[in-house]
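Observations on the model geometry
The lines below spell out each chain.
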Amino acid sequence: MDEKVYKTMGFSGASNLVIGICILVTGVTSGILLILNGAKLLKNKHRILL
């Protein structure tokens, strides 16, 4: 019985770790893309305002 509980806890911990890493990578990637697009807009601001 106890072995089953430990296996379940181990699986839950591993899946939480994988999900956390995926969320972290997605957040960093989207942040970088947002910064790059914002810089591109600021660079071409004079074309937009004319």
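See above for the structure.
A brief structural summary. Just so you know, these numbers come straight off a predicted model, no measurement behind them. (Residues numbered from 1 in each chain as written. Predicted model: local features only at pLDDT ≥ 70, side-chain atom pairs only at ≥ 80, totals over all residues. Heavy atoms only, no water.)

Here the focus is the overall build of the protein. Within the protein one finds two helices and zero strands. For 50 residues, the compact-globule formula gives about 10 Å, and the C-alpha radius of gyration of the protein, at 22 Å, lies well above that figure. Classification of the 50 residues of the protein by burial places 0% in the buried group. In the structure as shown, the protein presents an accessible area of about 4900 Å², 74% of it carried by carbon and sulfur atoms. (Helix = DSSP H or I, 4+ residues; strand = E, 2+ residues; numbered from the N terminus. Rg over C-alpha atoms; globule rule 2.2 N^0.38 Å. Buried < 20%, exposed > 50% of the residue type's maximum accessible area, 1.4 Å probe, protein only. Areas by Shrake-Rupley, 256 points an atom, 1.4 Å probe, with all protein chains shown as cover.)

Turning next to the pattern of salt bridges. Scanning the entire structure with this criterion turns up one salt bridge. Two residues, Glu3 and Lys7, come together in a salt bridge whose shortest N-O distance is 3.6 Å. Of the two residues, Glu3 and Lys7 both sit in helix α1 (residues 2–43), four residues apart, roughly one turn of that helix. Residue class for Glu3 comes out exposed when judged on its relative accessible area of 55%. (Salt bridge = Lys/Arg side-chain N within 4 Å of Asp/Glu carboxyl O.)

On to the environment of Lys45, then. Along the chain, Lys45 turns up in helix α2 (residues 45–49). Counting along the chain gives 36 residues from Lys45 to Met9, while the straight-line C-alpha distance between them is 53 Å.

Attention now goes to the environment of Gly31. Inspection of the secondary structure assignment puts Gly31 in helix α1. Measuring from C-alpha to C-alpha, the distance between Gly31 and Lys7 comes to 36 Å, with 24 residues separating the pair along the chain.

Time to look at a nonpolar patch on the surface. A cluster of nonpolar residues, Leu24, Val28, Ile32, Leu33 and Leu36, forms a patch on the protein surface that exposes about 490 Å² of accessible area. Mapped onto the elements, Val28 comes out in helix α1. (Patch = residues over 30% accessible without salt bridge, like charges linked within 9 Å, V, L, I, M, F, W, Y side chains within 5 Å.)

Everything listed here is a matter of geometry and, on its own, says nothing about what the molecule does.
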